[in-house]
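The lines below spell out each chain.
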Amino acid sequence: MLRMKVPRYFRVFIASLVLLFVSSFAAAQGDPDPNSPSPVLMRVPGAKRVLAVDGNGVRINPSSPNIESFPPNSRVAIFVQNIATMPGEGASAFRVYGEDARGRSYKFPVVEVRSVKAQVKTYAVIFDLRDEIGYWDAPQFGDILLRVTWRGMTSDRARLGYGETGGLLKDDVVPFSQMLAFRPIRAAGSRARNGALNHPEYVGYRWSGDRARFLEQAAFGPNPALDARIRRIGIRTWMAEQFEAQYPTFPYPNQPLKPSNQPDDCDGDQTSTPDVPATCYRDTYSMYQIQTWNKKEALYGDNQLRHRVAWALSQIWVTSGKDIQQSRHMVEYHKILTNNAFGNYRTLMKQMTLSPTMGDYLDMVRSSKNNPNENYAREIMQLFTIGLFMLNQDGTPQLDGSGFPIPTYDQETVNNMTKVLTGWQFCNQVSSCPNLAVGAVNYIDPMLLNNGSTTLSQNRHDLTAKTLLVYPGSSTTDVAACGNCTTMANINTYANASLDQAIDNIFWHPNLGPFVSKILIQQLVTSDPTQAYISRAAAAFNNNGAGVRGDMKAVIRAILLDPEARGDAKTDPNFGKLREPFQFAANFVRSFGVRSADTLGQSDGYFMGRREYTGMGQLPFQSPTVFNYYPPGYVIPGTALLGPEFALMTTGTAIQRANFVNRFTYTTTGSPAIPVPVSVSNPNSPSGTSLDFSDLQALSAADPTGNDLVDELDRRMMHSTMSPQMKSTILTAVTAVTQSATPTSSQTLSRVQQAIYLVATSSQYQVQR
């Protein structure tokens with residue numbers, strides 16, 4: 001067997017992605033964005049030590065005697081300035097990290113934050129000197145470097161003795177808060193008004209970095225038209241437009257339902273002549289149509305927000321083309337996601353429960369009173385709504401008297417929920433199913449109880465009593481046995497009422513808000529949100545301000561407008577999320593005028609085939625299991641950081657990410673050279689996709705130093721956060737490409753390709769911040 005030796009470059013590449021979350025980059029000096037202040041640690045005057053006092057005192061203030069070192073497990077109070085908290089914002093909004101002389105990072109649990117009397121607004125941050133996760137052994141005795149984070153912003157680091165002072169610890173050469181570089185770019189002609197930058201109505205107007213960050217969170221990446229729109233009307237107005245905008249921009253694929261057993265004659269004309277269209281099998285019995293449609297909608301769709309939220313929801317309510325046979329089946333499932341992305345979560349729960357695609361995937365369509373199947377009953381609770389353990393509103397687990405998490409449900413609950421969900425089948429009654437297709441299973445109409453039968457002997461629904469979820473405040477936990485089920489009409493009434501009762505029972509569970517909100521934050525903004533952020537989003541889920549629970553518009557607003565999400569840049573290296581492959585691909589190509597391979601129009605959504613996404617670990621609509629492509633609770637090894645997408649990051653997938661960029665960037669054809677990664681023959685093959693680098697070639701031609709080119713890529717791809725080290729490295733590589741005084745198209749293209757490849761494959765770009 002041949003073995004490929006993995007280049008050291010790729011091992012370093014993977015490590016650098018993780019280090020982006022847990023270590024630092026040398027970076028430029030720069031004034032912080034006024035609407036994202038960094039916390040400032042108070043220090044011992046004239047020393048490199050943090051000002052620290054005993055955290056057990058009733059009166060804690062900076063004038064208390066300073067303590068240079070604390071024994072392990074001590075309660076410590078340190079002081080921060082330059083911030084102003086919102087009402088109710090306390091310990092769960094702050095994090096304290098330490099790093100010892102071995103370079104190991106620790107997270108210390110914050111137990112309280114209080115305002116203290118001082119000449120300048122000052123807060124005491126009180127924490128326990130113990131590692132919250134316990135991945136490593138305890139820190140080495142001696143000095144550690146301590147920092148505080150708040151809303152994605154970090155303080156500089158100062159020394160604190162762990163057990164004792166001294167040791168081999170090295171101080172930061174560059175202040176830690178400046179190690180992730182950013183240079184706020186003010187909108188042309190704008191002037192600050194009193195308080196404008198801190199006023200929520202002005203979020204997104206002036207700061208180009210925040211607009212770009214927002215469009216990575218709320219859309220599939222910025223492009224000039226979207227950026228200009230938000231610069232003109234602001235984030236809030238744009239979101240209001242999106243809530244009302246038409247969807248989809250491109251009609252859903254409408255391939256007719258076909259028999260489950262693939263016939264020799266796909267088009268059904270009963271002849272031996274070739275099928276019309278010749279692509280009948282591909283379009284019917286694979287995920288090709290919905291995959292290419294999904295990419296077109298991401299690349300060009302007008303309602304970017306709905307499509308982005310639907311993509312996030314598809315990673316909660318998972319089905320997969322590995323088990324679902326036809327693209328049309330998946331289309332109908334996706335319609336439920338998009339129809340409810342701005343609706344109510346309770347409606348989503350009900351419609352997805354009766355979805356024939358979900359019913360097939362998790363076996364509810366085959367579950368009967370005599371042969372119950374618990375798959376859907378278990379997963380609707382565990383994965384889609386409330387999770388395994390009781391949660392506080394901030395997403396932290398509730399613990400019993402012994403310190404163990406309290407289970408949300410037990411096997412008996414699963415058994416009873418399974419009974420409620422028995423009896424539904426594919427809708428195949430002519431009188432009740434408008435989309436019934438002869439010879440094909442109906443994956444369009446919702447599942448029908450007992451397939452509409454009127455014969456008592458054909459009843460498949462369990463009529464016995466059931467006990468549902470029991471939790472504080474629950475009032476609909478018991479489903480009585482059916483006492484008057486002497487006709488199928490009565491059975492139908494009873495079963496549908498029982499289903500609604502079960503859906504309500506789950507919907508009103510206190511876990512629902514924090515469980516769903518946390519995953520949506522992870523999908524849209526940052527992998528490891530603070531408890532305070534989760535709590536604010538969950539509060540919006542629980543009550544939209546008008547007494548409505550589950551209002552998705554309110555949740556989306558809360559997530560995307562939260563101060564932890566907004567700001568021109570985030571200085572905490574732990575903030576953000578690894579771009580998952582689909583997002584990574586869409587963000588990248590949208591940056592460069594993505595178009596068809598022949599350059600004459602829009603891409604048809606075909607990139608380079610299945611190998612691109614399978615190689616990167618995420619083939620859309622073909623999740624490996626119901627647990628999604630990666631678990632939301634995945635912790636990056638060796639850290640205390642949640643980083644779900646890092647579960648996909650291996651040496652192999654890192655190579656495929658680089659290969660993806662390479663194929664789109666370097667494959668060219670024609671004179672002058674035009675990037676065309678896909679060359680296929682029409683009409684029965686996809687035409688493919690290419691990128692437009694012409695504006696960048698013009699920059700390269702006009703500036704032989706390469707600075708304008710790299711600065712433009714920094715602005716366009718990284719919202720002006722490229723570190724000086726990175727820029728210097730890329731400039732060296734770009735200027736090494738020969739470009740004459742009167743450069744040719746080939747010369748400028750070579751420089752542009754070199755620059756794009758190096759930026760797009762860098763660890764700094766791979767992480768959405």
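Reading the values: the criteria
Residues numbered from 1 in each chain as written. Predicted model: local features only at pLDDT ≥ 70, side-chain atom pairs only at ≥ 80, totals over all residues. Heavy atoms only, no water. Salt bridge = Lys/Arg side-chain N within 4 Å of Asp/Glu carboxyl O. Helix = DSSP H or I, 4+ residues; strand = E, 2+ residues; numbered from the N terminus. Buried < 20%, exposed > 50% of the residue type's maximum accessible area, 1.4 Å probe, protein only. Expected span 1.5 Å × (residues − 1). Contact = heavy atoms within 4.5 Å. 1 Å grid on protein atoms, 1.4 Å probe; cavity = no way out; pocket = protein on both sides within 12 Å on 5 of 7 lines; lining within 4 Å. Points joined across faces, edges and corners; volume = space filled by probe spheres on them. Phe/Tyr/Trp six-rings, centres within 6.5 Å; stacked < 30°, edge-to-face > 60°. Lys NZ or Arg CZ within 6 Å of the ring centre and 35° of its normal. pLDDT = per-residue confidence, 0-100. Disulfide = S-S within 2.5 Å. Axes fitted to C-alpha atoms, helices over the stretch in contact; angles between N-to-C directions. Parallel < 35°, antiparallel > 145°, perpendicular 65-115°, else oblique. Nonpolar A, V, L, I, M, F, W, Y, C, P; charged D, E, K, R; others polar. Core = buried A, V, L, I, M, F, W, Y, C linked by side-chain atoms within 4.5 Å. Pairing = 2+ DSSP bridges.

Which parts of the structure should I look at to understand the pattern of salt bridges?
Once the charged atoms of two side chains with opposite charge are near each other, the side chains can pair. Counted according to the given criterion, the structure contains 38 salt bridges. A salt bridge links Glu112 to Arg114; the shortest N-O distance between them is 3.0 Å. With its nearest N and O atoms 2.7 Å apart, the salt bridge here joins Glu332 to Arg328. Here Arg328 and Glu332 lie together in helix H8 (residues 327-340), a separation of four residues that amounts to about one turn. By relative accessible area, Glu332 is classed as buried at 9%. Overlapping salt bridges bring together Lys48, Arg49, Asp143, Arg159 and Asp171 as one network.

Help me understand H8, please; the structure alone is not making it clear to me.
An α-helix turns once every 3.6 residues. As a result, residues three or four positions apart point the same way. Counted at 1.5 Å a residue, the expected span for H8 with its 14 residues is 20 Å, and the 20 Å between its end C-alpha atoms agrees. Of all 14 residues in H8, 12 are buried, a share of seventy percent or more. Within H8, the full set of buried residues consists of Ser327, Arg328, His329, Met330, Val331, Glu332, Tyr333, His334, Ile336, Leu337, Thr338 and Asn340. Buried residues along H8 sit against helix H5 (280-284), helix H6 (288-300), helix H7 (304-313), helix H9 (345-353), helix H10 (356-361) and helix H16 (552-561).

Please explain the layout of surface pockets as it appears in this structure.
One way to see where empty space is left: roll a probe the size of a water molecule over the atoms. Approximately 1000 Å³ is the volume attributed to the largest pocket. Forming the boundary of the largest pocket are 43 residues, of which Gly395, Lys518, Pro632, Gly633 and Leu642 lie nearest the centre. Listing elements by their share of the lining of the largest pocket, those giving two or more residues are helix H14 (512-524) and helix H15 (531-542).

I would appreciate a short explanation of the packing of aromatic side chains in the present structure.
The relation between two aromatic rings is expressed through the spacing of the ring centres and the mutual angle of the planes. Applying the stated criterion to the full structure yields 26 aromatic pairs. Here Tyr376 and Phe384 contribute two aromatic rings whose centre-to-centre distance is 6.3 Å and whose plane-to-plane angle is 50°, an arrangement assigned as tilted. Side by side, Tyr376 and Phe384 carry an identical accessibility label, which is buried. With a centroid separation of 5.6 Å and 90° between ring planes, the pair formed by Phe592 and Phe693 is classed as edge-to-face. Residue Phe592 is found in the loop between helix H17 (581-590) and strand E17 (595-596), and its partner Phe693 is found in the loop between strand E20 (689-690) and helix H20 (694-702); the two are separated by 101 residues along the sequence. With relative accessibility at 1%, the residue Phe693 sits in the buried group. Pairwise contacts between aromatic rings join Phe584, Phe588, Phe592, Phe607, Phe660, Phe664, Phe693 and Tyr765 into one cluster. In this structure, Arg549 packs its charged tip against the face of Phe507, placed 5.5 Å from the ring centre.

Can you help me understand the confidence of the model for the protein chain in this one?
Detail in the predicted coordinates should be disregarded across regions flagged by low pLDDT. Scored by pLDDT, the protein chain has a mean of 88; 88% of the residues are at 70 or more. Every residue in residues 18-34 is under pLDDT 50, and counting partners more than four places away or in other chains gives 55 contacts. Under a pLDDT of 50 for its full length, residues 182-205 has, in the predicted model, 53 contacts with residues more than four places off or in other chains.

I would appreciate a short explanation of the state of the cysteines in the present structure.
In protein structure, a disulfide is the covalent linkage between the sulfur atoms of two cysteines. Using the criterion set out here, one finds three disulfides in the structure. A disulfide bridge connects Cys427 with Cys433, and the sulfur atoms are separated by 1.9 Å. Across the S-S bond linking Cys427 and Cys433, the dihedral sits near -90°, which makes this disulfide left-handed. For Cys482, the disulfide goes to Cys485, at an S-S distance of 1.6 Å. A torsion of 90° about the S-S bond marks the disulfide between Cys482 and Cys485 as right-handed. Of note for the protein chain: the bonded cysteines, numbered N- to C-terminal, pair according to 1-2, 3-4, 5-6.

Explain the packing of H20 against helix H23 (residues 745-760) to me, please; I cannot follow it from the model alone.
Helix packing for two helices is described by the angle between their axes and how far apart those axes are. Close contact between H20 and H23 brings their axes to 9 Å; oriented N to C, the two are set at 105°. One element, H20, and the other, H23, form an angle in the roughly perpendicular class. Contacts between H20 and H23 involve Leu696, Gln697, Ser700 and Ala701 from the former and Ser745, Thr748, Leu749, Arg751, Val752 and Ile756 from the latter. Looking at the contact of H20 with H23 residue by residue, the class counts come to five nonpolar, four polar and one charged.

Help me understand unusual backbone geometry in this model?
Both trends apply: most residues other than glycine have a negative phi, and most peptide bonds are in trans. Looking along the chain, the bond that leaves Tyr247 and enters Pro248 is cis, with omega of -5°. Tracing the backbone shows Pro248 in the loop between helix H4 (235-244) and H5. Note that the residue after Val276, namely Pro277, is joined by a cis bond; omega there is 0°. Structurally, Pro277 can be placed in the loop between H4 and H5.

Hey, could you run me through the nonpolar core in this one?
Considering soluble globular proteins, one finds that nonpolar side chains tend to be buried as a cluster. Judged by nonpolar contacts, the single largest core of 143 residues is most densely connected at Trp317, Tyr345 and Phe588. For this core, the element with the highest residue contribution is helix H13 (residues 488-507), accounting for nine residues. Beyond its immediate sequence surroundings of up to four residues, Trp317 is in contact with Tyr333, Leu337, Tyr345, Leu348, Met349, Met352, Met358, Tyr376, Ile380, Phe384 and Thr385. Judged by nonpolar contacts, the second largest core, of 28 residues, contains Ile83, Ala91, Phe94 and Val125.

Is there a simple way to think about the pairing of strand E6 (residues 105-108) in this case?
For a regular strand, side chains alternate in direction, first toward one face of the sheet and then toward the other. Note: strand E5 (residues 94-99) against E6, four bridges, orientation antiparallel. Bridging across to E6, Gly98 finds its partner in Tyr106. Turn length for the E5-E6 hairpin, with the two strands adjacent in sequence and antiparallel, is five residues, and the turn residue Gly103 shows positive phi of about 85°.

When you look at the environment of Met552 in this model, what are you seeing that I'm missing?
Tracing the backbone through its elements, the reader meets Met552 in helix H16. Looking at Met552, the relative accessible area reads 0%, which means it is buried. Sequence separation of Met552 and Phe342 is 210 residues, and the distance between their C-alpha atoms is 5.1 Å. Those residues in contact with Met552, other than ones at most four positions away along the chain, are Val309, Leu313, Asn340, Ala341, Phe342, Gly343, Tyr345 and Leu520.

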